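Single-letter residue listing:
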Amino acid sequence: MLRGMPLNLPSRRSAASGDDLGLGLKGGPRRGVNKDGTFNVRRVGAPAFRPYELYHQLIAMPLPRFFGVLVSGYVTANLCFGSLYTLIGLEHFAKASGAPMGFLDAFFFSAQTLTTVGYGHIYPIGTLSSVVAAVESLVGLLAFAVATGLLYGRFSRPHARILFSRHGVVAPFRGGRAFMFRIVNERSNQLIEVEANLTLSILDPETGDRRFHALALERTRINLFPSNWTVVHPIDGASPLAGLGEADLHALDAEFIVLIKAFDDTFAQTVYARSSYKAEELAWGQRFVPMVASGPSHSVVDLTLLDATEAAPLPEPAS
């Protein structure tokens, strides 16, 4: 039995009945929340084609991939309509120069029709080719309206750019010990009413189930966030970490799950940021180096010092 566990860890009944954070109680050593805030959960059994997920995927995917999808869709649409014009017969189209039509001409005519540019040096002759060109114009109008909405949705959606320190630390704090990590706003926008929530996830050594413990913080909220914030969990007698050492946290596969909530003054909306720290990502006997310096007229926050630490001898742990 690990030191301190009978005193601080709740019973198996309470762990199975109400303290599931939403990541599941079952499973061996694994990370619940990745460093970038994504959840380490995979869904299976859903249909391969889910049209109801398309909008969310286009909004949430990385920007380079999003533009790649737009360009690929644009090229594919022109290839399809250019091929259709070729099947109809290129003799049903005329060029202002009188030169014969080719597939490349049909492709560029499709691009002009899809975007409703219509330079006029190529034009359809006959009912069928004119009907297809009219349908393509309608498809182009609808497609670009959807693409514009998606692009606006991506840029208008608020995103928190909160940087987390690469490592958490176990450092001296008010005559005892404390678990700490540091955050800073990477952007120059204003975040107010910032709240922090910290949860400890460990493996039950008897059942192998995941158990979650809400960790009390020295300060759960700050009203203003122009600088950095070191979030502190004091390891006192009431803490689930009391009496546990570095080896104990490794044996329990401990994970500290962090949720940051803030109000973005620019978008007038609430934003969130998530991250986590595994037991091997904790630096024991270290404390953060100050990253704020005072200037003659203003303070200076050096973001390069976010992960900077220095040695700090630890007092004996609380029992």
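Description of the structure in this document. In this convention, every chain numbers its residues from 1, walking through the sequence in written order. In keeping with the model being predicted, local features are shown solely for residues with a pLDDT of at least 70 and side-chain atom pairs are shown and tallied solely at 80 or more, while totals for entire chains, interfaces and linings include all residues. The side-chain values count all of the structure's non-hydrogen atoms but skip hydrogen atoms and water molecules.

### Focus: the environment of Ile222
The helix count covers DSSP runs of H or I at least four residues long, the strand count covers runs of E at least two residues long, and both are numbered beginning at the N terminus. Here Ile222 is to be found in strand β8 (residues 221-224). Note on exposure labels: buried denotes an accessible area under 20% of the residue type's maximum, exposed denotes more than 50%, and partly exposed covers the range between, all computed with a 1.4 Å probe on protein chains only. What makes Ile222 buried here is its relative accessible area of 14%. A C-alpha to C-alpha distance of 8.9 Å links Ile222 and Ala196, two positions 26 residues apart in sequence. The criterion used for residue contact is that any of the two residues' heavy atoms lie within 4.5 Å. Not counting residues up to four positions away in its chain, the partners in contact with Ile222 are Glu193, Val194 and Trp229.

### Remarks on the nonpolar core
In this text, buried Ala, Val, Leu, Ile, Met, Phe, Trp, Tyr and Cys residues form a nonpolar core when linked through side-chain atoms within 4.5 Å. Core analysis: the biggest nonpolar cluster contains 34 residues, and Phe164, Phe181, Leu249, Phe256 and Ile260 have the highest contact counts within it. Counting residues per element, the ones that place at least two in this core are β3 (162-164), β5 (176-185), β6 (191-203), β9 (228-235), β10 (255-264), β11 (269-278) and β12 (282-284). Per element, the largest residue contribution to this core is 6 residues, and it comes from β6.

### Focus: the packing of helix α4 (residues 63-88) against helix α5 (residues 103-114)
One can describe the packing of α4 onto α5 by two numbers: an axis separation of 8 Å at closest approach and a directional angle of 120 degrees. Relative to α5, the element α4 lies oblique. The two elements α4 and α5 cross, and the hand of that crossing is right-handed. Packed against α4, whose contacting residues are Tyr74, Val75, Ala77, Asn78, Leu79, Phe81, Gly82, Ser83, Tyr85 and Thr86, the element α5 presents Phe103, Ala106, Phe107, Phe109, Ser110, Ala111, Thr113 and Leu114 at the interface. Each residue is assigned to one class: nonpolar for Ala, Val, Leu, Ile, Met, Phe, Trp, Tyr, Cys and Pro, charged for Asp, Glu, Lys and Arg, and polar for all the others, Gly among them. Residue composition of the contact of α4 with α5, by class: 12 nonpolar, 6 polar and no charged. All axes here are fitted lines through C-alpha atoms, helices being fitted over the stretch that makes contact, and every angle between N-to-C directions spans 0 to 180 degrees. Angle categories: roughly parallel below 35 degrees, roughly antiparallel above 145, roughly perpendicular from 65 to 115, and oblique for all the rest. Handedness of a crossing follows from how the near helix is turned relative to the far one, being left-handed for an anticlockwise turn of less than a right angle and right-handed for a clockwise one.

### Re unusual backbone geometry
With a phi close to 50 degrees, Arg174 is a non-glycine residue in the positive phi region. As for its position among the elements, Arg174 is in the loop between β4 (168-173) and β5. The phi dihedral of Asp253 is positive, around 50 degrees, even though this residue is not glycine. Relative to the helices and strands, Asp253 resides in the loop between α7 (246-251) and β10.

### Topic: α4
Each residue after the first adds 1.5 Å to the expected span of a helix. The first and last C-alpha atoms of α4 sit 38 Å apart over 26 residues, in line with the 38 Å expected at 1.5 Å per residue. Buried within α4 we find Phe66, Asn78, Phe81, Gly82, Tyr85 and Ile88. The inward-facing, buried residues of α4 contact α3 (54-60), β1 (93-95), α5 and α6 (127-156). Looking one or two residues beyond α4, the residue adopting positive phi is Gly89, at roughly 120 degrees.

### Thoughts on the packing of α5 against α6
Relative to each other, α5 and α6 sit at 55 degrees, their axes nearing to 8 Å. The angle between the axes of α5 and α6 places the two elements in the oblique class. On α6, the residues touching Phe109, Ser110, Thr113 and Leu114 of α5 are Ala133, Glu136, Ser137, Val139, Gly140, Leu141 and Phe144. Split by residue class, the contact of α5 with α6 holds 6 nonpolar, 4 polar and 1 charged.

### Some remarks on the side chain of His233
Counting through the fold element by element, His233 comes out in strand β9. The term polar contact refers here to a pair of N or O atoms within 3.5 Å; inside protein, the definition further demands a hydrogen-donor-capable atom paired with an acceptor-capable atom, and it admits residues adjacent in sequence only when both atoms are side-chain atoms. A polar side-chain atom of His233 sits 2.6 Å from the main-chain carbonyl oxygen of Ala216. When neighbours within four sequence positions are excluded, His233 is seen to be in contact with Ala178, Phe179, Leu198, Leu215, Ala216, Leu217, Ser239 and Leu241.

### Here's the deal with α6
Compared with the 44 Å implied by 1.5 Å per residue over 30 residues, the 43 Å span of α6 between its first and last C-alpha is a close match. Residues of α6 that are buried include every one of Ser129, Val132, Ala133, Glu136, Gly140, Ala147, Leu150, Gly153 and Arg154, and no others. Residues of α6 that are buried make contact with α3, α4, β1, α5 and β2 (122-124).

### Quick look at the packing of aromatic side chains
The geometry of an aromatic ring pair comes down to the distance between the two centres and the angle between the two planes. The pairing test for Phe, Tyr and Trp rings, Trp by its six-membered ring, is centres within 6.5 Å, and the orientation test on the planes gives stacked under 30 degrees, edge-to-face over 60, and tilted for anything in between. Following the criterion strictly, the structure yields 11 aromatic pairs and no others. Judged by centre distance (5.5 Å) and plane angle (80 degrees), the ring pair of Phe107 and Phe108 falls under edge-to-face. Judged by its relative accessible area of 16%, Phe107 falls in the buried class. Phe108 gets classed as partly exposed once you look at its relative accessible area, which sits at 44%.

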